[in-house]
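# Structural features, examined
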Amino acid sequence: MTTTKTVVTLKVNGVERTAEVEPRLLLVHFLRDVLGLTGTHVGCDTSQCGACTVLLDGRGVKSCTVLAVQADGHEVTTVEGLARDGELHPIQEGFWEKHGLQCGFCTPGAMMTAVELLRQNPNPTDEEIREGLEGVICRCTGYENIVRAVKYAAERMRG
Amino acid sequence: MASVFGTAIKRREDPRLITGNGRYTDDVQLPGMLYAAILRSPHAHARIRGINVEKAKRHPGVVAVFTGRDVAGKVAPIPTAWLPPDSNIKTPAHPALAVDSVRYVGDGVAMVVAESRYVARDALELIEVDYEVLPAVVDPEKAMEKGAPAVHEEVPDNVAFHWQAGSDPASAFQDAEVVVRHRFRQQRLIPNAMEPRSAVAQYNAGSGEMTVWVTSQNPHIHRFLLSNILGIPEHKLRIVAVDVGGGFGSKIPCYADEALVALAAKELGRPVKWTEDRRENFLATSHGRDEVIYAELAGKRDGTMLGLRIRMVANMGAYLSTAAPGVPTILFGLITVGPYRIPRAHTEVYGVFTNTTPTDAYRGAGRPEATYVIERMTDLFAREIGMDVVEVRKKNLIPAEEFPYTTALGLQYDSGNYHGALQKALEMVHYEEFRKEQERLRTQGRYIGLGWSTYVEICGLGPSQIAGAVGFQGGLWESAAVRVHPGGKVTVFTGASPHGQGEETTFAQIVADRFGIPVEDVEVVHGDTDRIPMGWGTYGSRATPVGGSALAVAADRILEKARKIAAHMLEVSEEDVEFADGKFQVKGVPTRQVTFQNVVLQAHLAWNLPAGVEPGLEAQAFYDPVNFCYPFGAHACVVEVDVETGQIKVLRYVAVDDCGPVINPMIVEGQVHGGIVQGMGQALWEGAVYDEQGQLVTGSFMDYAMPKARFFPSFETAHTVTPAPHNPLGVKGIGETGTIAATPAVVNAVVDALAPFGVADLEMPLTPEKIWKITHGRDA
């Protein structure tokens, strides 16, 4: 089980990061344990809960299902990179404004999923939002306020 | 300034949580930290003939391997903290790691400590355990049968305890015109907080201080128990649980894993982290429910309920978890009569050992089961006597003028207007119109149904004297400290340890309202035993009624002292000073006033204080409630059943709840939403399944159906307001009401929809397969 380490370089939240990693290292553990970006969470081991969702080259992916070496040379955005210049992203505003979180553990992944959802469909209906949250498991909110949060963000992003 | 009490202000905790700055246990990174992984039994019941850890120890990166024999004597058995009296309770020792036998799939066998998460996991595979597999038993009724395998040799009949309450209702059954009897199965549920359990321990050999960051709903209970388990005195043991990613009861217990991590940190002289994965969470974190309930309801043909007899067999799993024995007994057994005037009642509970993961509190804990049984029995009774389900409820609900009301099981319900809540829900649902629509659609072959749940629950745990009387090995009061800084800002320290309930906001509102200051001026500190004197945590919907009340009492002590100082400053007697909107004023003379901040500053300067008044402004309260709280309400669910596919679609969900005055309507609504979804989860999708060998076949999110966003309509919520008469805020808990109320409302709705098929009851979860078999005339 000895493994040869390999060097990866990723642009994470706009900053180039280089590290030597085992080929089997998951992207989520690279973010959390190597880079110390602990906002991205691990909620399951079967790629169902979505707590680890990040953007890879602008597309939503579950970072528990991507190896750090697969992300080599790519851009990653985590929850820490959502706000720009001290201004919250509309999805962050929405979650705060509409009480879209309780314990907050699934929230970073839920927000990144919502960003991806709104990229694909900037003006979703309630039903489309609920369908779009298929890859998110939240045990606290009952989802209702997450739907409201996504709608709020959609309106803000459409201006 | 407008009052902040009753205002939907945005949550104070959110800015850190939405920016990735939360402080969950697994986020803790310490220099030189090691990682632990725990080898878990693959067998439900086996004798350990031998363990060989040599290969694992030699594996590069492995620092240490511990077995049951290595830790015995260093880590005391994990105790049970709830011992119901007069129940002949048996508490076989629960070793932190198995020594001779494993008793459920997931039982800890060995711990590896290594330089990285991955290496620790790798090394688990190198440990060789020689098991002699023994027969297992997973069903609680089968476990009670003669000849069943004994989970613990010293408890040959597997009965962990036998508990009773109430008096024999035989006379009610003699007088009855109708007796309805039914057997209910409460399936086992997996709490599945989204944050897996985790612990990080750091030991300072020089000072003897141990710090444990842990996913806990009650850090002081963890300190209390871990202190005994580890032999580290409380003043040298610090427990930290600031951000906790949900608990739902599963983070109340003290687990062996947390003690093992602490031991490893001490023995190895380096910090150690352990975090379970989801599969471990399914296997080794406490489960909920899993009971068989036999109910008998005696009544008259005019709809009057006369008596209730309940016998429960509760599956406790392989060991008695921290609070587990309290769930089927006190939290279920004392409230089986629900909101109804039932003059005679009796409950009998058998707690039974099986070769399964230990059960413990899961959101609602006992009260969902009690509510389910009485609400289903009410519908069965209505069906038997041919009366409308709403009319039966109206006839038996305790009338508002009879509060406080002492039930046949000895509880004193504090306050209520049950008919009022039902009336409001009836109006929201448009009940008459629904029945007409239901008839109309049935002629088209479409089946809609409406189900009711008029519930009452017992929460705000609780008066410590009663806690002692019912066998809880602790108090249930709560502490609060209010520290007013010289500049007028306030830090509040609470022993209630929230994990998603929003108390950093709600509690700030309570104090800001009392002092007439902006809510931004109040900071709420929780989840750290070094900063908070003592506390009993968040569960049993107790944080606001008990912890919030403690805060109100402490804040009032501040105001009492501040008033003395203000009177002195205004050169009048105390009686002539009134306090409103953050200002002390001479009665009737608005021009003569001093602000709260001004008085605070003077208290700290102490240049000119009245005689006998000490400098500073800080108060502490240890609030012990005189009664529990009894929130209530009426929930209604409307479903449509597709009789071709067996699919159930929830069309509407109406919730009218009464938790007394609402401090933050947005947070309360959020608690109701989340509760409803968990209650509906039990009714429709969730259920843990063991095979006969004791393998958990629903051991991941692929096999265990968690509620998803698309399963639900938008919820309709409303409130009535009936204050609790015995606490300073008048508030009752709201964290569990949705889960308590929703399950029977949904099942009653589906049974109502399928009435034309002769359906009287359905066993949860109501999967499409079960429904399809019924609508297609197959045996369910």
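Predicted model, so just to flag it, every value in this text is computed and none were measured.

Attention now moves to the overall build of chain B. What chain B contains, in helices and strands, is 21 helices and 28 strands. Against the globule reference of 28 Å for 780 residues, chain B gives a C-alpha radius of gyration of 27 Å, in line with a compact fold. Each of the three principal axes of chain B carries a C-alpha extent, and together these read 85 × 75 × 45 Å. Counting only residues that meet the buried cut, chain B has 60% of its 780 residues in that class. Taking contacts inside chain B between residues at least 6 apart in sequence as the whole, the part at least 24 apart equals 80%.

Taking 1.5 Å per residue, 15 residues should reach 21 Å; helix α5 (residues 144-158) of chain A reaches 22 Å between its end C-alpha atoms and fits that length. Following α5(A) by one or two positions, A:Gly159 has its phi on the positive side, about 75 degrees.

With that out of the way, let us pick up the interface of chain B and chain A. Taken residue by residue, the interface counts 47 residues in chain B and 48 residues in chain A. Residue assignment for the side of chain B that touches chain A shows that the elements contributing at least two residues are α1 (14-17), α4 (117-124), α9 (278-284) and α19 (665-684) of chain B. Element by element, the count of residues in the side of chain B that touches chain A is highest for α19(B), at 7 residues. Taken together, the residues that form the side of chain B that touches chain A break down as 18 nonpolar, 16 polar and 13 charged.

In this section: the domain arrangement of chain A. Residue and element names in this part refer to chain A. Taken domain by domain, chain A comprises domain 1 (6-38 + 53-78) and domain 2 (90-158). The gap between the C-alpha centroids of domain 1 and domain 2 is 23 Å. Between domain 1 and domain 2, the residue contacts involve 5 residues of the former and 5 residues of the latter. When contributions to the side of domain 1 that touches domain 2 are tallied by element, the ones reaching two or more residues are β3 (53-56) and β4 (59-62). No other element matches the 3 residues that β3 contributes to the side of domain 1 that touches domain 2.

Residues and elements named next belong to chain B. Domain annotation of chain B identifies domain 1 (14-134 + 195-245 + 251-284), domain 2 (288-461 + 627-775) and domain 3 (477-623). One C-alpha centre belongs to domain 2, the other to domain 3; they are set 39 Å apart. With 19 residues of domain 2 at the contact, the number on the domain 3 side is 17 residues. Looking at the side of domain 2 that touches domain 3 residue by residue, the class counts come to 11 nonpolar, 6 polar and 2 charged.

In this section: the sheet that holds strand β19 (residues 478-484) of chain B. Strand pairing in a sheet relies on backbone hydrogen bonds. The paired strands run either parallel or antiparallel. Residue and element names in this part refer to chain B. Overall, mixed pairing links the 4 strands, which are arranged β21-β20-β19-β25 in an open sheet. Of all the strands in the sheet, the pair left with one neighbour each is β21 (522-525) and β25 (618-623). When the angles between neighbouring strand axes are averaged without regard to direction, this sheet yields 15 degrees. Looking at chain direction, β19 and β25 are connected through 6 bridges and run antiparallel. Looking across to β25, one finds that serine 479 is bridged to phenylalanine 622. The strands touched by helix α17 (residues 543-570) are β19, β20 (490-494) and β25; relative to β19, the strand with the most contacts, the crossing angle is about 40 degrees.

A regular strand places its side chains on the two faces of the sheet in alternate fashion. All names here are of chain B. Burial along β21 is one-sided: Val522 and Val524 are buried, and none of Glu523 and Val525, which face the opposite way, are. With 4 bridges joining them, β20 and β21 adopt parallel strand pairing. The partner of threonine 491 across the bridge, within β21, is glutamate 523.

The biggest cluster of nonpolar side chains holds 317 residues, and the ones touching the most others in it are B:Ala36, B:Val112, B:Leu260, B:Val482 and B:Val511. The greatest single-element share of this core, amounting to 12 residues, is contributed by α17(B).

All names here are of chain B. Reading across from one edge, β22-β23-β24 is the order of the 3 strands in this open sheet, with antiparallel pairing throughout. The open sheet has two edge strands with one neighbour each: β22 (577-580) and β24 (589-595). Looking at each pair of strands side by side, their axes are set apart by 35 degrees on average, direction ignored. As paired elements, β22 and strand β23 (residues 583-586) share 4 bridges and run antiparallel to each other. Bridge pairing links phenylalanine 579 to phenylalanine 584 in β23. Strand contacts of α17: β22, β23 and β24, with the helix running at about 125 degrees to β22, the strand carrying the most contacts. Where helix α18 (residues 596-605) meets the sheet, its contacts fall on β23 and β24, and the angle it forms with β24 comes to roughly 50 degrees.

Right, let's get into the pairing of strand β12 (residues 272-275) of chain B. All names here are of chain B. Of the two faces of β12, the one lined by Val272 and Trp274 and the one lined by Lys273 and Thr275 are each fully buried. By the bridge criterion, 2 bridges tie strand β1 (residues 34-40) to β12 in an arrangement that is parallel. Bridging across to β12, tyrosine 35 finds its partner in lysine 273. Across 4 bridges, the pairing between strand β9 (residues 198-204) and β12 is antiparallel. Within β12, the position partnered with alanine 201 by the bridge is valine 272.

What counts as what
Residues numbered from 1 in each chain as written. Chains lettered and ligands numbered in written order. Predicted model: local features only at pLDDT ≥ 70, side-chain atom pairs only at ≥ 80, totals over all residues. Helix = DSSP H or I, 4+ residues; strand = E, 2+ residues; numbered from the N terminus. Rg over C-alpha atoms; globule rule 2.2 N^0.38 Å. Buried ≥ 20, exposed ≤ 12 C-beta atoms within 10 Å, placed from the backbone. Contact = placed C-beta atoms within 7 Å. Expected span 1.5 Å × (residues − 1). Nonpolar A, V, L, I, M, F, W, Y, C, P; charged D, E, K, R; others polar. Domains from an automatic or database assignment. Pairing = 2+ DSSP bridges. Axes fitted to C-alpha atoms, helices over the stretch in contact; angles between N-to-C directions. Core = buried A, V, L, I, M, F, W, Y, C linked by C-beta atoms within 7 Å.

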